[in-house]
Amino acid sequence: MSYPVKNSDIEGQHIVQQVTPVQLSKLRLFLAVVLSISSAFIFALALRYSRKLYNAFLFTQCQEESIATHYLIETVSGEQFVCAKKFIDNKPYFMFRMLKYRFNEQLKSYEPIEFDAKEKVISEIIKSRNTLTRELKIQYFGTCQLKIPIESIFIYSLHAFTGPFNILQYFAVAIWFAEKTVLQPILILIFTVLTVYLNYFLYVRSRRRLQQLANIHQDVTIKEIDQYQIINGSDLVPGDLIILKENQTLNCDCAIISGDVIVNEATLTGEGIPIPKSALPNQNSIFELEKMSQHCLFEGTKLIQVNNTQENIAIVLRTGFTSLRGQYFRNVLFPEAPSMRFYIQAAKFILEIALIIAIIYGFLLIEYVPMEFQTGILVLRFLDNIVWSIPPSMPIFFQICKTASLVRLEAKGVIGNNADKVESAGRIDTCCFDKTGTLTTLGFKAIKALPEEEKPILDAIMGCCHHLIKLNDQLLGDPLEIEMLNFVGWQCNFNNNPLTIDGNGKTYTIHKVFDFSSQKSMMSVIVTDGSKYYLYSKGSPESINSISVKKREDLLNEFNQNAIKGYRVLGLAYKELQQNQIDQQREQIEQQLNFVGLLVMENPLKSDTNEIITTLKETGLDIKVISGDNPLTTIQCAKLAGILNQDNEITFLDYNQQNQEIILQCNNNQQIIKEQQQNCVQELEQFINTQQELALTGKFLEYMYNKVNFLFEQQDQFKSSGKAQSKEKIFTEINQIDIDDGSFGQLAILIIKKSKVFARQKPEQKKLIIQMIQSFGRQVLMCGDGANDCSAISQAQVGISFSEADASYTAPFSSKSTSLDCVVKVLLQGKAATMTIIEVFQYQISVNTLKFIAVLFTFLEAETFADFQFTYTSIISNIPLLIFLCLSGPCDTLAKYNPLDDQFAIYNQIQIYNNLIWGSAGLIINFFISQAVRDVHTCELDEPILNCIPKPIEELKKTGDIQSVMFMSLMFFFMTFAINLYISNPFKQRYYRNYLLLLWTTLGFILFFVSAIFPNGGKWAKLINVNTNAFKGYNWIMIAVVVITSLFGFITQALLQKYLPSKKKIEF
């Protein structure tokens, strides 16, 4: 029986959807052991790599939770995991991705274990905080530290050495040993071991860096029944009352119950703005973390200043991985699985090559059987087919490509924490940007406050409505508020408590501050001038106007005119209060305001924004802005940045929920479409079809989302959900959109595609927009600078953050500088790495297939390559070449194309077949030339060459004329394949700029010509086992054959790249 999960926000992005109690069957476990031993552990490997087989074979569902030994976990993404059943105080639980879950008997559902504070009265939370003993709290909630796990070298080795490609490698080694080839398999095993432990070293270094970032080491003071105790910060548990002190960095999430503090949340938001936090105002109200964030402190927050006039106490709510900061680190520890599309397509092509080789081998059996080979030799040669078809070392070189790109990016000031995202960056076709702090600077310049006749009250609002502090004689806070205070020129007395401000010949005292609310798009303060109390507010003009006594269309028109010019405009409002009102809740007091004026400010673009955006647009990328700012301001910013055409009049779509009407606004011109009118959709569609580019607001997005019923689900999950057939389904690799019947569904898709600007978007809406764009099959890059962008950055295939905060760990890439050129750097490296991975795949398939063909020819003479020849062609020649190929850097300019990463695409297949055709042609010609030479020099005149081979054939010779000729030919072809398959333009640096690769291929050519021209070359000839009688004066013909066929291969490859290139134009 399966149970639902009562989800909590502590789960973050790792949401469990369903839990099924299961029991480990001892009989099945015994059967699995027997099958594994009898199948040489092949069955054990199948259980490991097939999660479904593992779950179905070993576990049975339980009707009662009490008899379960494990739990089958299903996430919202459709993944399944099995977690062991454990006990705390004789109560069962399981741990999934660092969080503990337990069964709720009342709700008949599972839930994450967390401190019981939800939907409870604050005073009750404080009163019942010690219901559990401290020891039980530690068992339930864990210690107050982020324990970043590091796998032991034994476990890491076990996983690494039993990977699918490693198993294939052992299979290959076994075959080579059976064929009495020794040196090559030993060197390959040594190379594999070195690679595994080098990767382990890098893994441990990365995890230790995370450990250093994650843990906060300090002593803290807690209060228990009027007694104070100093403990290690890691020993804090939920329910503790912690004393807040200056310069303290919190290692837990907590709520202030006494006092007030000023904090720096830069490690969470990326913005080093001092933020005041105060005690929970009414302890008889229900605790709601989201609505009471101004009274809550989060792990990683630094306390800049505390109120020294009273005791500052907070109650610990969340510790370890349940904290907000813990969620960021869980995202790093458990990233989303990378797309397997490239590898699936590559596997299809490998199977195709394997089939072709098997067919060729089947035809050659007609020749082999009469030669009276021992059966074992024929079987081993057939098994070679598998080994040659699937190069076991291929994933190692893929990883080298991506790691090398991360190293190059770090040298350029961009830190990457997920190598797989480098490959994703090579497929990007859509770039989304936040506005403030990303396209623009964080600095502001005040232009004017209007109307002039309201100057006294406007000055009072601007002088008082802020949350600035002074620390070490430096004014700290929101750059906008600093500029606003400097503009009005008032004097703040920061030494006074409460804060007083001098201006207009009066002294104002700050009574209460309502921090900025993203839901309300405004902030307020309550002040007194000694005789009266006032509420001063600032925020978005639309929000201010919506709660004003008198609607100020004149100010909204003025606002629109300035917003069109790209200015940041704040609405200013006030309200006179009675003394009995000053302690009312925010929702009550922020009503019936007097909207009196506007503050116009300039937020300039970064110096390189226009240049970078122009570069990105020239490559064909679709560029979009996703911002919380006003639509007109954002549209103008997009025009100045070059995202929108300066000459185009851009219409933005808004929605008025109260009047149920769609608003189409272009500058000061408005068109209203009533939702109730019959032709609403047709009229909107007719308008949309006339527009090339659009903008829309968060309100219209919400309206469209609710009306169209966008449902984002995984494909597998959808298939099993039995949705009604009357829905239209649009499938993509990532998500699907499930839209209601009717024309509005298709219209909604068209609107999203045409929209270049998304304004007044909340953080959760930013993520939704990314999901919608991805659902069209787009590959999205999101670039932002703050915590409000984290969800969108995490959702995108590639995310870039300018922040060095903990929140930026959710971004695969983090730029040390604020320049937008980090986007270009990531895209350049992504395209180069993806192209190199394609070339590595094509090269390994080409050389392995050609080598197998050469071996088939040697088989016709009962010969095979000697140990050193195998080693040279498999390791000495190829491994350094592939490593140097992986180190290829990107072009200096961004291409208008993306690499064609579909390895099963005909364009990519042709590249490989071209090399194989000309390489095989060279081998065939040299084979027949060598046979002609041997007919004269080896056997009796007119005697068939088969008569020279003793029968039956029980062992292959490792010396001989044919194997010498085949080996020499391969030496040349392997170098030319690297040149042919290397595609510099338009993704990578020129071949001659990769000095190590150029040097290695040059050395390979030199060795070939020395070996071919001087076949009697003494020690070198003996080392490579070349038969000194192999050529008999025909060595120049052999050289000419490989040079000419390689030249033809190079020419045809160049023509193929010109007319059938391995690239695709970026289009959408």
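Only a predicted model underlies this, so the values are computations on that prediction, with no experimental measurement involved.

The rules behind these values
- Residues numbered from 1 in each chain as written.
- Predicted model: local features only at pLDDT ≥ 70, side-chain atom pairs only at ≥ 80, totals over all residues.
- Heavy atoms only, no water.
- Axes fitted to C-alpha atoms, helices over the stretch in contact; angles between N-to-C directions.
- Helix = DSSP H or I, 4+ residues; strand = E, 2+ residues; numbered from the N terminus.
- Parallel < 35°, antiparallel > 145°, perpendicular 65-115°, else oblique.
- Contact = heavy atoms within 4.5 Å.
- Pairing = 2+ DSSP bridges.
- Expected span 1.5 Å × (residues − 1).
- Patch = residues over 30% accessible without salt bridge, like charges linked within 9 Å, V, L, I, M, F, W, Y side chains within 5 Å.
- Areas by Shrake-Rupley, 256 points an atom, 1.4 Å probe, with all protein chains shown as cover.
- Salt bridge = Lys/Arg side-chain N within 4 Å of Asp/Glu carboxyl O.
- Buried < 20%, exposed > 50% of the residue type's maximum accessible area, 1.4 Å probe, protein only.
- Core = buried A, V, L, I, M, F, W, Y, C linked by side-chain atoms within 4.5 Å.
- Disulfide = S-S within 2.5 Å.
- Arc of directions from axis to C-beta.
- UniProt positions renumbered as here; feature names shortened; annotations may be inferred.
- Left-handed = near helix turned anticlockwise from the far one by under 90°.
- Nonpolar A, V, L, I, M, F, W, Y, C, P; charged D, E, K, R; others polar.

Attention now moves to the packing of helix H34 (residues 995-1013) against helix H36 (residues 1035-1059). Look at H34 against H36: their axes get within 9 Å of each other, and the N-to-C directions meet at 150°. The angle between the axes of H34 and H36 places the two elements in the roughly antiparallel class. Residue-level inspection shows Phe-1008, Phe-1009, Ala-1012 and Ile-1013 of H34 in contact with H36, the latter providing Asn-1035, Trp-1036, Met-1038, Ile-1039, Val-1042 and Val-1043.

Strand order in the open sheet formed by 4 strands is S6-S7-S8-S9, with antiparallel pairing between adjacent strands. In the strand order of this sheet, the two ends are held by strand S6 (86-88) and strand S9 (109-112), each with one partner. The sheet shows a mean angle of 45° between the axes of neighbouring strands, taken without regard to direction. Two elements, strand S8 (residues 99-104) and S9, share 4 bridges in a ladder whose sense is antiparallel.

What follows deals with helix H1 (residues 26-38). For H1, which comprises 13 residues, the first-to-last C-alpha distance of 18 Å matches the rise-based estimate of 18 Å (1.5 Å per residue) to within 8%. Downstream of H1 by a residue or two, Ala-40 has a phi angle that is positive, lying close to 60°.

The next thing to look at is a nonpolar patch on the surface. Together, Ile-153, Phe-154, Ile-155, Leu-158, Val-193 and Tyr-197 make up an exposed nonpolar region whose accessible area comes to about 540 Å². Elements that contribute at least two residues to the nonpolar patch include exactly helix H6 (153-161) and helix H8 (183-214). In terms of residue count, H6 provides more of the nonpolar patch than any other element does, 4 residues in total. Summarising the element assignment, Val-193 is placed in helix H8. A relative accessible area of 36% places Val-193 in the partly exposed class.

In terms of nonpolar packing, the biggest core is built from 87 residues, with Tyr-368, Phe-373, Phe-841, Tyr-843, Leu-923, Met-966 and Phe-1008 touching the most fellow members. Setting aside residues no more than four positions away along its own chain, Phe-841 makes contact with Phe-342, Ala-346, Phe-349, Ile-350, Met-394, Phe-398, Gln-903 and Ile-912. Formed by 65 residues, the second largest nonpolar core is a distinct cluster that contains Leu-450, Leu-577, Leu-820 and Cys-822.

The subject of this paragraph is the state of the cysteines. Applying the stated criterion to the full structure yields 0 disulfides. Free cysteine Cys-144: the closest other cysteine sulfur is in Cys-252, separated by 5.0 Å. Here Cys-296 stays unpaired: no disulfide links it, and the sulfur of Cys-254, its closest cysteine neighbor, is 7.9 Å away.

Along strand S29 (residues 568-577), 7 of the 10 residues are buried, which leaves the element largely enclosed by surrounding structure. Sheet topology note: the strand S28 (residues 533-539)/S29 ladder contains 7 bridges and is antiparallel. Among the inter-strand pairings, Tyr-536 is bridged to a residue of S29, identified as Tyr-574. Note: S29 against strand S30 (residues 594-602), 7 bridges, orientation antiparallel. Bridged to Arg-568 within S30 is Met-601.

A word on helix H23 (residues 680-688). Of all the residues in H23, the buried ones are Cys-680, Val-681, Leu-684, Phe-687 and Ile-688. The arc that holds the buried residues of H23, viewed along the axis, is 130°, so those residues lie on one side.

The UniProt record marks residues 29-47, 153-177, 183-203, 349-369, 965-983, 995-1014 and 1034-1056 with the feature "transmembrane region" (unreviewed entry), using the residue numbering of this structure. Summarising residues 965-983: 89% helix, 0% strand, and an end-to-end C-alpha distance of 30 Å. Across residues 995-1014 one finds 95% helix and 0% strand; the C-alpha atoms that close the span lie 28 Å apart.

Locating Gln-327 in the fold gives a position in helix H10 (residues 324-333). Among residues more than four places away in sequence, those in contact with Gln-327 are Asp-9, Ile-10, Gly-12, Phe-321 and Thr-322.

Enumeration over the complete set of coordinates arrives at 36 salt bridges. Residue Arg-102 is joined to Glu-111 by a salt bridge in which the shortest nitrogen-to-oxygen separation is 3.7 Å. Taking relative accessible area as the criterion, Arg-102 reaches 29% and is therefore assigned partly exposed. A salt bridge links Glu-481 to Lys-538, with the shortest nitrogen-to-oxygen separation between them at 2.8 Å. One end of the pair, Glu-481, is in helix H17 (residues 479-488); the other, Lys-538, is in strand S28, with 57 residues separating them in the sequence. Of the two residues examined, Glu-481 and Lys-538, each falls in the buried class. Each of the salt bridges in this network shares a partner with another, and the network as a whole consists of Lys-402, Asp-420, Glu-423, Arg-427, Asp-901 and Lys-1064.

The next subject is unusual backbone geometry. With an omega of 5°, the peptide bond running from Leu-450 to Pro-451 counts as cis. In this model, Asn-985 is joined to Pro-986 through a cis peptide bond whose omega is 10°. By secondary structure assignment, the location of Pro-986 is in the loop between helix H33 (961-981) and H34. Phi angles above zero are rare outside glycine, and Arg-97 is one such case at about 50°. Positionally, Arg-97 belongs in the loop between strand S7 (91-96) and S8.

Right, let's talk about the pairing of strand S2 (residues 16-24) for a bit. Two strands pair when backbone bridges link them, and strand S1 (residues 3-4) and S2 are joined in this way by 2 bridges, in the antiparallel orientation. In the strand pairing of S2, Pro-4 is matched with Gln-18. One ladder, built from 6 bridges, connects S2 with strand S4 (residues 70-75); its direction is antiparallel. Note on S4: the bridge partner recorded for Val-19 is Ile-73.

On to the packing of helix H11 (residues 341-368) against helix H12 (residues 375-389), then. Interaxial distance between H11 and H12 falls to 9 Å at its minimum, and their mutual angle equals 160°. Here H11 lies roughly antiparallel to H12, going by the angle between them. In this structure, H11 meets H12 at a crossing whose hand is right-handed. Contact residues: H11 offers Ile-350, Ala-354, Ile-357, Ala-358, Tyr-361, Leu-365 and Tyr-368, while H12 offers Leu-378, Arg-381, Phe-382, Asn-385 and Ser-389. Here the residues of the contact of H11 with H12 sort into 9 nonpolar, 2 polar and 1 charged.

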